[in-house]
Amino acid sequence: MLSSTGHPFIFLLPVLAIAIFWVMAKFEPKPVGVTKKSFFERNGTPVAIYLIVAVAFWSLFMIVLPQLFMVEMSFRPKLPPIEMGGPKDLYTFENYHYFIYGSTTSSDAINWVHIKAFFLTIFASLLVALFNFALCYPLAFYMAQVARPARVRFLLLLLIAPYWVNEILRAFAFRIIFSSGGLINKILLGMGWVDQPIDFIGNDIALYAGLGYAYMLMMIFSLYNAIETLDHAQIEAARDLGAPWWHIHAFIVIPFAKPGIASGCTLVFMLSAGSLAAPLVLGGPRSLWFTPILYDRFFQAFNWPQGAAYAFILLLACVSFVLLVLRLGRLSLGEIAK
Amino acid sequence: MTAAVEIDHLTVQFGLFTAVKDVSLQIRQGEFFSFLGPSGCGKTTILRAISGFQDPTQGVIRIGGQDMSGIGPNQRPTALIFQNLALFPLMTVSENIGYGLRVRGVPKADRDRKVDELLNLIALSDQGHKKIEELSGGQKQRVAIARALAVEPKVLLLDEPLSALDLKLRQHMRNELRAIQRRVGVTFIYITHDQGEALTMSDRIAVMNRGKIEQVGNGRDVYEHPQTSFVASFVGENNGFTGTITKISGDQAEIETSVGRLVGLNKKSLPVGTKATLFIRPEAMQFGAQGENNLSGTAADAAYEGMTTHLTMKAHDGSSIVATLTGAPAREFPSQGSSVSFAFATRDALILPA
Amino acid sequence: MSSKTVMNVMLAFYMAIFFGFLFGPLIVMGVSAFNTSTYPQVYPIEGLTLSWFEKLLNDRDMVYGLKNSLWIGMWVVVVSVPLGLAAAMMMSQIYSKARSFYYVIVVSPVLTPGVIIGISTVVFWRDLTTATNSKFLYDGVFMAVLGQSSFISAYCMLMFMSRLNRFDRAQEEAGLDLGASQTQVFFHILLPFLRPAIFSSAVLAFLSSFENYNTTTFAILADKTLTTVLAGRVRQGTTPAISALAVLIIAVTVVGAIIYEIVKRREDRERQARLDAAHAAELRELESIEKATHHA
Ligand SMILES: Nc1ncnc2c1ncn2[C@@H]1O[C@H](COP(=O)(O)OP(=O)(O)OP(=O)(O)O)[C@@H](O)[C@H]1O
Ligand SMILES: [Mg+2]
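Residues numbered from 1 in each chain as written. Chains lettered and ligands numbered in written order. Predicted model: local features only at pLDDT ≥ 70, side-chain atom pairs only at ≥ 80, totals over all residues. Heavy atoms only, no water.

A. Region of the structure containing helix H10 (residues 216–228) of chain A. With 13 residues, H10(A) extends 18 Å from end C-alpha to end C-alpha; this agrees with the ideal 18 Å at 1.5 Å per step. For H10(A), the complete set of buried residues consists of Met216(A), Leu217(A), Met219(A), Ile220(A), Ser222(A), Leu223(A), Tyr224(A), Ala226(A) and Ile227(A). (Helix = DSSP H or I, 4+ residues; strand = E, 2+ residues; numbered from the N terminus. Expected span 1.5 Å × (residues − 1). Buried < 20%, exposed > 50% of the residue type's maximum accessible area, 1.4 Å probe, protein only.)

This is the structure:
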């Protein structure tokens, strides 16, 4: 199929979606007691126009259409600008073919480098999320259930402070610490525990530590918000009944805080999997992380359609992860997104 | 003279639930009119329908003879005082009071004059610059009234405005509200579930139950001549004995109840065999004496209040009967468990359909 | 040792590790900014110097990137706050299926990796501006503002939603009842009520924009922001000048936080004073009623 037909079709989709949305909003039964006034009567004409224009612009021109365009582009071949829209501009799977076989045409070899990077990224991000959960849970619990308000305020301040420094600088700090001449190696050498500096960066240890560090705040806040709403009396009651401490956490606090845990893990997973700064700064020469590969599609291979395809693969992985978490935890999206 | 507010066959439904059922009544110009009823009986809903926040499912509301259908709350000649007052916390007292004039485009000088006048009326003359947060409960109350009066409404609607205040202040504010109403002469429609409030302040009262009007009349009417069992038991204290009418003689009827045969006035002309309730007020009970109707049992509880004592008697069937004792018996009421007897006159007892 | 003491020791140990992990890297970086050693290090201290700061300020690209970042941040605030507000107000007026559908769309940017947002923004606007012959719009700063606002608006929306939840509908009705139009209610009552949320979402929007890298690196095209310049520098090699930048950012932050705290304390004090005044008025009122009833 010639891809020049694609764009008008893409513009048609949102129109359709809006029509469906409008019908739903208009004819769906409203909760009892809500006025039957029209949208314009309720808000006043100027405000109603502002709401519609703003929401339409944001959701169409900043969210939906860009994504659709990106997906569409991933199915187009890489062509010099002159030939775009010409007879060679046919929809194709070659960019996805490349991801799997390392070539747009032949299927002889498997593109292990990219595939491994992809799965490693997913797996490592998962580990980062779990590690973060383990690290942050005790503090979140302490702040939400044990500490006094003044202390909580102080702790929150301490927690937020490092996040005013941007992500690249935070990664840079880890690079200073973990590099072969860095603080940790100096200490290890000075103590005589090792006689060769350890290559933390080449081993990706620095990368994982940096990623864990980068998104700790999201985890803490998600957990804290969820645990805070748990009535302290429940814990007291369990303790009175003689439940051991691990029992209280495993059967009372954690089930209660499930939405917060899901939301914290999802956020950290997404942010790690999509992180670019930390892998660029902390990745060693042999590091395999998916986003830098994606980055290189654009800035070294100058192959936008292929980059779009890689981006779409990453997006699909993230969407699947969210759906999986929702399904596993029997949660709704509203409970996860704050 | 046209009625200030005319409610014509008003019905309001929320989904399948009917909050107001076919209510019709007329409220006169300059009247202090109350809706009295238990929580959830639809009082607020009627008020919201009058002020335009609730569209009637059926029926019409007329204000000053004009049909209000399709007219928004901001176009109606009413002003509403909300249950929680809904003062604007980010504006000063003066700004709150002047807000209605501001949105009407009244020039600042005129506005200020009117605001000063109203501040005077509510005795807060020098406090116009204060923030709402700085005011006491009673002061907030007055500001809410002044804010509503500023727009010179034909009708002022008040939704349990005193319910948040503590007892002493509430009693004080009753008098003040009534005084303000007399002074400005605006029609007040007042909502309350407190019968004391309704009886002391109102020219007329509509007693409501489950979305329906049970009775409309002045305080004495609803207290002394209740038309339904609900009104009889809701307004003021009352002893009720339910049973079946067994005999009719003139305007009296005899009713067979679990405490025996009792005779009362049968103003509704209920026929023999009707299930009905006989009501007798505690203050109409005579203690110790023998009369036209007699009840006996054991003294269960006595609440001594100085001038009077409320004595509760446990009848033989286990029901509680209350009498208000005055004079000597109020001081020398019987001890718990001793045998007592009450009597009442037939003309004091009312028989109403159960 | 009682179990309570064991718990306390464990807690202290855990806290030390946690906050060590949190602040250690920053402290190391901070100290290295003042060390003369050309490699950013804490130990050994070869000598104290401010030359790294000087070097930073003479770095043309950095200064240019900083200006661009501030400029973009400002526009992101201008775009995201109104969009977030509109989206939150819309959310409060739709129900059931339509609401879920809408929610998925507007929350998706929060859960989409930043690189993808950057890429899709650039792809879309490149094609759109080509097709509509408005290539001048295909500009790094403009793209960055749009790309960042795409998800920052969602942050703002979430903040507005939680504030709107606490809005008392009776306030709106009181305004209408006094004769205000819906538009007047919006400007006189709703917006003032939302002012704290407007302020905090503006701050959040600016900071998120200022520190964003993932989206910006794609959206900025050939232009630069502070973070993209910084990323380039860090990839080239490590120099204490970068530590110096971190120190400056931390310093600005700390000053900002202190100012915020001072303002907040003052507001709290004023509020407390008002509540005290209300309490005093309450007592006076009761007293005067008491007196009046005694005289009567
Ligand atoms: N918006 C609404 N949606 C659904 N039901 C409603 C709504 N408003 C009121 N109701 C129901 O209608 C009935 C009457 O409500 P209304 O508020 O008029 O009572 P009320 O007499 O003012 O009671 P209260 O003394 O508690 O204020 C109640 O049962 C209430 O639950
Ligand atoms: Mg009510």
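From this point, the discussion proceeds with the structure in view.
B. Structural view of the pairing of strand E16 (residues 293–304) of chain B. Residues and elements named next belong to chain B. In this sheet, strand E19 (residues 339–344) lies alongside E16 in antiparallel orientation, the contact comprising 6 bridges. Residue pairing in the sheet places Asn294 in a bridge with Ala343 of E19. Here E16 runs beside strand E17 (residues 309–315); their pairing, made up of 7 bridges, is antiparallel. Residue pairing across strands places Thr298 opposite Lys314, the latter belonging to E17. With antiparallel pairing between neighbouring strands as the criterion, E16 and E17 make up a hairpin whose turn holds 4 residues, including Gly306 at a positive phi of roughly 85°. (Pairing = 2+ DSSP bridges.)

C. Quick peek at the site of ligand 1. Near ligand 1 there are 14 residues, and of these Ser39(B), Gly40(B), Lys43(B), Thr44(B) and Thr45(B) occur at the shortest range. Nearby residues place ligand 1 at the junction of chains A and B. Here an oxygen atom of ligand 1 and a side-chain polar atom of Ser39(B) are 2.5 Å apart. Contact between ligand 1 and Thr44(B): an oxygen atom at 2.4 Å from a side-chain N or O atom of the residue. Taken by itself ligand 1 offers 630 Å² of open surface, and the protein chains cover 66% of this. Those elements that place two or more of their residues in the shell around ligand 1 are strand E2 (17–27) and helix H1 (43–51) of chain B. Looking at the shell around ligand 1, the element that brings in the most residues is H1(B), giving 3 residues. The residue makeup of the shell around ligand 1, split by class, is 5 nonpolar, 7 polar and 2 charged. (Near = heavy atom within 4 Å. Polar contact = N/O pair within 3.5 Å; in protein donor to acceptor, adjacent residues only side chain to side chain. Areas by Shrake-Rupley, 256 points an atom, 1.4 Å probe, with all protein chains shown as cover. Nonpolar A, V, L, I, M, F, W, Y, C, P; charged D, E, K, R; others polar.)

D. Layout of the confidence of the model for chain A. Confidence in the prediction for chain A averages 84 pLDDT; 95% of positions are at 70 or higher. Per-element averaging of pLDDT across chain A places helix H17 (residues 333–336) of chain A at the bottom with 67 and helix H3 (residues 45–73) of chain A at the top with 92. (pLDDT = per-residue confidence, 0-100.)

E. Main features of the interface of chain A and chain C. Across the contact, 93 residues belong to chain A and 89 residues belong to chain C. Between chain A and chain C, roughly 8400 Å² of surface is buried when both sides are summed, and carbon and sulfur atoms account for 78% of that area. The three residues of chain A that bury the most area against chain C are Trp58(A), Trp164(A) and Phe172(A), which together make up 9% of that side's buried surface. Between the two partners, chain A and chain C, sit 13 residue pairs in polar contact (both at pLDDT 80 or more). Top element by residues in the side of chain A that touches chain C is H3(A). It accounts for 20 residues. Each residue belonging to the side of chain A that touches chain C can be placed in one class, and the counts come to 69 nonpolar, 12 polar and 12 charged. (Contact = heavy atoms within 4.5 Å. Buried area = accessible area lost by both parts, 1.4 Å probe.)

F. Layout of the nonpolar core. Ranked by size, the top nonpolar core spans 270 residues in total, and within it Leu139(A), Phe35(B), Ile97(B), Phe18(C) and Met157(C) carry the most contacts. Apart from residues lying up to four places away in sequence, Met157(C) is in contact with Trp58(A), Gly84(C), Ala87(C), Ala88(C), Met91(C), Val106(C) and Val107(C). If you look at the next biggest cluster of nonpolar residues, it comprises 25 residues, including Ala284(B), Ala299(B), Met313(B) and Phe344(B). (Core = buried A, V, L, I, M, F, W, Y, C linked by side-chain atoms within 4.5 Å.)

G. Molecular detail of the confidence of the model for chain C. For chain C, the mean per-residue pLDDT works out to 89, and 98% of the residues sit at or above 70. Our summary of model confidence lists the complex with pTM equal to 0.88 and ipTM equal to 0.88.

H. Representation of the environment of Arg286(A) in the model. All names here are of chain A. Inspection of the secondary structure puts Arg286 in the loop between helix H14 (277–282) and helix H15 (290–299). Residues Arg286 and Asn203 lie 83 residues apart in sequence; the distance between their C-alpha atoms is 8.7 Å. Excluding residues within four positions of it along the chain, Arg286 makes contact with Asp199 and Gly202.

I. Layout of the packing of H3(A) against helix H6 (residues 140–165) of chain C. Look at H3(A) against H6(C): their axes get within 9 Å of each other, and the N-to-C directions meet at 130°. The pairing of H3(A) with H6(C) is recorded here as oblique in orientation. As for how H3(A) packs across H6(C), the hand of that crossing is left-handed. Seen from H3(A), the contacting residues are Phe57(A), Trp58(A), Met62(A) and Ile63(A); seen from H6(C), they are Leu146(C), Ser149(C), Ser150(C), Ser153(C), Ala154(C) and Met157(C). (Axes fitted to C-alpha atoms, helices over the stretch in contact; angles between N-to-C directions. Parallel < 35°, antiparallel > 145°, perpendicular 65-115°, else oblique. Left-handed = near helix turned anticlockwise from the far one by under 90°.)

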